[in-house]
Amino acid sequence: MDYCKYHPLDGATYYCRQCNIHQCDCCVNDDKNKRHSLHCFLCDSVLESLGSANTVTPFWRRLTEAFKYPLNSSSMSLIVITSILSVLAVLMPFLFILSILMYLFAAGAMLKYSFTCLERTAMGEMKAPDVLEAYQGGIQLLFKLIVITLVMGVFAGLATYYVGVTLGGILGVIALVSFPAVLIRFAQTESVLEALNPFAAIALMAAIGLPYGLLIVFVLIMMTSVGVLQEWIDAILPAGAFLVQSIVSSYYTVVIFHLMGYMLFQYQQELGYSARSDEDEDRPARSDIERMNAKMDVLLKEGEYEKLVDLYYQSFKQFPNEACFFDRFFELLAACKKTALMSDYGLIYLEFLLRKKRFDKLTATFKQIRFLVPDYVPHSPLMRVQLAGFLRQQGDLTLAVKMLSGMHKLYLEFADLPAAYVLLADCLSEMPDMQIQAEKCRQMAVQLARRAEARKIELEQQRQAKQADAMNKSTPPKIGKRGPPKVESSGLTLELVPIDNMTADKS
C-alpha cells in the first residue's frame, strides 16, 4: 500500500512521475483552470490517478452499508415484484407456458440487476443502479449462467464417476469455492468460455488472497440464514412463507453481488485497473483559499522557503481579508526566527490586525516582534499612534513614548501629528519627573496645530487662485523653466530632550 508523502497516515490517491512522489487528495492541485486534470504543486505536471485502492475501507468493515445497499424504493420494488411473479408462476401449474415465462422473466430480471450491481460497484458506484438496467438481456444472461453451472456440475460428476469419489468430492468443493470468482469473471467479460477458464479464476482468487475466503464465509452464512428464516416463517405465517423466502433470497442476492463488486473495487490495484468511489467524487470542490493552504503545506514540507514566502505575499494581495494567511505567516516567521523577514512583514501584519479591529492582539504581537527584532519600530505614523494609545492603556508608558518621540522630524506632513504630541504629553505627565517634558510636548502640539491650520489655509488659497487663473485666461499659460523646489521651514522652535537620554541621566 502506498501512502501520501506529506500525510504518512493517509493512503495515496495520485502519483507524480516527474517528482516520483505519492500524494493524497489534499496535496494535489485541482484548479479548474487546469482543464479538468489534476496537477502537482511542485512541478505542475499531470498526476496519475491511483484510484481508491489505498484509501478504500475493507469490505468486511462495510457490512452495515452493504445490507443497506438495496434499501431504496427502486431496488425493493424490483425485489418484491419479481418475488410475486415467481410465486404466481409456482401457483399456476395449469398455465405451464405462461408460468415458465413469468418465472424466467422474474429470475432473469433479478439476475441481470444483480450483475449490474456488481459491475457498477466494482467501478466505484456505491449507490444501487436504476431498475431499468434489469430489463435488457436478463433471460439470455440467465441461460448463460445455467450453462456455466451445468458445465461445472457435469465436470465434477464425471470426475466422481471415472476417477473416484474422493477426487470428485475435492473437485466439487473447488468448484463451489471458485463459483464467486467464476461469476465475477462472467460479469467482467460476459463470456461463458472466459468465465469457465480455471486459470483466470485461480488468478483472481490469488490476487485477492485470504479476503476471498472471508467472502465465501459471508455467502455461506447468508445462504444458511435463508433456510433458518424459512422455518420461522413456516411456523408463524405458512401461507406467505414462499413469498417472504423469495423476497429475502432476492435481497441477499443483491447484497452478495454488491459485496463481490466491492471486493473487486478494494483490490483494484492487484487486479490491474483504477477506479474512484462516487462518494469521493461527490465531495464539494475545494475553494481557492483551501487550495492555497494546501500548496503552502506542500512547499513548507519540501523546504521551498523562497517559493513559500512569495506565495504568502501573493495570498495577501489575492485574499486581503483572510486571517489564516496572515496569522500562519507570522507564526512561521516567529518559529523560524527570521528577523529580516519579520522586519519587513511586521508592519503588514500589524496593519491587518488594526484593519480587522483585533485590538486585543495588536500590542501582544508588537511585543512579540520586538522580542525577535529588539529595535523594531513600525514605519507608519498612524500605527505608531495606535500602538502608543494601547500601550498607554496597558501601563507601558516607556514603550508608548518611544513610539511617539521624534515624529515631528520624520512625519511632518502627518495630519494627526498634533494629536500624537498631545498623547505623548499625556504619557510623559504620568511618568515621574517628566512634567517639564510633558509641557514642552503640549506647546509643540499647539505649534503643530497652528502650522497645520496655516498650511490648510495656504492650500485653499492656492486652489482658489488656480481656479481664478483658469477662468480668466483664454490661452494656456506658457511653461517656463522650473527651478528646484523651495524648502519651507517648519516653524517649530521647541526641542525635546530624547526620553532615552533622560532615563539615562535619571539613573
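Note: the structure precedes this text.
A. A look at the pattern of salt bridges. Within this structure, the stated rule accounts for 18 salt bridges. One salt bridge connects D288 with R291, and the closest N-O pair in it is separated by 2.8 Å. With D288 and R291 both in helix α12 (residues 288–302), this residue pair falls three residues apart, about one helical turn. Linking R392 and D426 is a salt bridge whose minimum nitrogen-to-oxygen distance equals 4.0 Å. Remark: D426 occurs in helix α20 (residues 417–429) and R392 occurs in helix α17 (residues 381–393); sequence separation between them is 34 residues. Given a relative accessible area of 28%, R392 falls into the partly exposed group. When salt bridges that share partners are traced, they join D30, R286, D288 and R291 into one network.

B. Highlighting the nonpolar core. Core analysis: the largest hydrophobic core is formed by 60 residues, its most contacted members being M407 and Y421. For M407, the contacting residues outside a window of four places in its chain are P381, R384, V385, L412, F414, L417, A420 and Y421. By size, the runner-up hydrophobic cluster in this structure holds 55 residues, among which are L78, L145, A175 and Y267.

C. Spotlight on the environment of P198. Relative to the helices and strands, P198 resides in helix α7 (residues 198–208). Its relative accessible area of 48% is what places P198 among the partly exposed residues. Separated by 23 residues in sequence, P198 and A175 have C-alpha atoms that sit 9.6 Å apart.

D. Spatial organisation of the packing of helix α5 (residues 165–189) against α7. Between α5 and α7, the least distance of the axes is 9 Å, while the angle of their chain directions is 100°. Classed by the angle they form, the pair α5 and α7 counts as roughly perpendicular. Only A200, A201, L204 and M205 of α7 make contact with α5, whose side of the interface consists of V177, S178, A181, I184 and R185. Here the residues of the contact of α5 with α7 are counted per class, giving seven nonpolar, one polar and one charged.

E. Spatial organisation of the sheet that holds strand β2 (residues 21–23). Taken in spatial order, the three strands line up as β2-β1-β3 in an open sheet, and their pairing is antiparallel. Each edge of the open sheet carries a strand with a single partner, namely β2 and β3 (48–49). Both strand β1 (residues 14–16) and β3 contribute to a ladder of two bridges, which runs antiparallel. From the neighbouring strand, Y15 faces β3, where its bridge partner is E48.

F. Layout of the state of the cysteines. Applying the stated criterion across every chain yields a total of zero disulfides. Free cysteine C43: the closest other cysteine sulfur is in C19, separated by 3.5 Å. Its relative accessible area of 30% is what places C43 among the partly exposed residues. With no disulfide of its own, C441 has C427 as its nearest cysteine by sulfur position, at a separation of 9.5 Å. What makes C441 buried here is its relative accessible area of 1%.

G. Molecular detail of the packing of helix α2 (residues 73–91) against helix α9 (residues 241–266). Running from amino to carboxyl end, α2 crosses α9 at an angle of 135°, the nearest separation of the two axes being 9 Å. The angle between the axes of α2 and α9 places the two elements in the oblique class. The two elements α2 and α9 cross, and the hand of that crossing is right-handed. The segment α2 lies against α9, with M76, I79, V80, S83, I84, S86, V87 and V90 engaging F242, L243, S246, I247, S250, Y251 and V254. Split into classes, the residues belonging to the contact of α2 with α9 amount to 11 nonpolar, four polar and no charged.

H. Region of interest: unusual backbone geometry. The phi torsion at N20 lies on the positive side, around 60°, for a residue other than glycine. Locating N20 in the fold gives a position in the loop between β1 and β2. With a phi angle near 65°, D433 is a residue other than glycine that sits in the positive phi range. On the secondary structure map, D433 appears in the loop between α20 and α21 (435–472).

I. Structural view of the side chain of S99. Inspection of the secondary structure assignment puts S99 in helix α3 (residues 96–122). A relative accessible area of 6% means that S99 is categorised as buried. When neighbours within four sequence positions are excluded, S99 is seen to be in contact with A89 and M92.

J. Region of the structure containing α2. Between its first and last C-alpha atoms α2 spans 27 Å; for 19 residues at 1.5 Å apiece the expected length is 27 Å, and the two agree. Along α2, the residues that are buried comprise S74, S75, L78, I79, T82, S83, S86, V87 and A89.

K. Quick peek at the packing of aromatic side chains. Inspection of the entire model under this criterion finds 21 aromatic pairs. The interplanar angle of 35° and the centroid separation of 6.3 Å between the aromatic rings of Y312 and F316 together place this pair among those described as tilted. In this pair, Y312 and F316 both sit in helix α13 (residues 305–318), four residues apart, roughly one turn of the helix. Among the residues examined, Y312 registers a relative accessible area of 3% and is labelled buried. On the basis of relative accessible area, F316 is assigned to the buried category, the value being 8%. Ring pairs connect the aromatic residues Y312, Y313, F316, F326, F329, F330, Y345, Y349 and F352, which therefore count as one cluster.

What counts and what doesn't
- Residues numbered from 1 in each chain as written.
- Predicted model: local features only at pLDDT ≥ 70, side-chain atom pairs only at ≥ 80, totals over all residues.
- Heavy atoms only, no water.
- Salt bridge = Lys/Arg side-chain N within 4 Å of Asp/Glu carboxyl O.
- Helix = DSSP H or I, 4+ residues; strand = E, 2+ residues; numbered from the N terminus.
- Buried < 20%, exposed > 50% of the residue type's maximum accessible area, 1.4 Å probe, protein only.
- Core = buried A, V, L, I, M, F, W, Y, C linked by side-chain atoms within 4.5 Å.
- Contact = heavy atoms within 4.5 Å.
- Axes fitted to C-alpha atoms, helices over the stretch in contact; angles between N-to-C directions.
- Parallel < 35°, antiparallel > 145°, perpendicular 65-115°, else oblique.
- Nonpolar A, V, L, I, M, F, W, Y, C, P; charged D, E, K, R; others polar.
- Pairing = 2+ DSSP bridges.
- Disulfide = S-S within 2.5 Å.
- Left-handed = near helix turned anticlockwise from the far one by under 90°.
- Expected span 1.5 Å × (residues − 1).
- Phe/Tyr/Trp six-rings, centres within 6.5 Å; stacked < 30°, edge-to-face > 60°.

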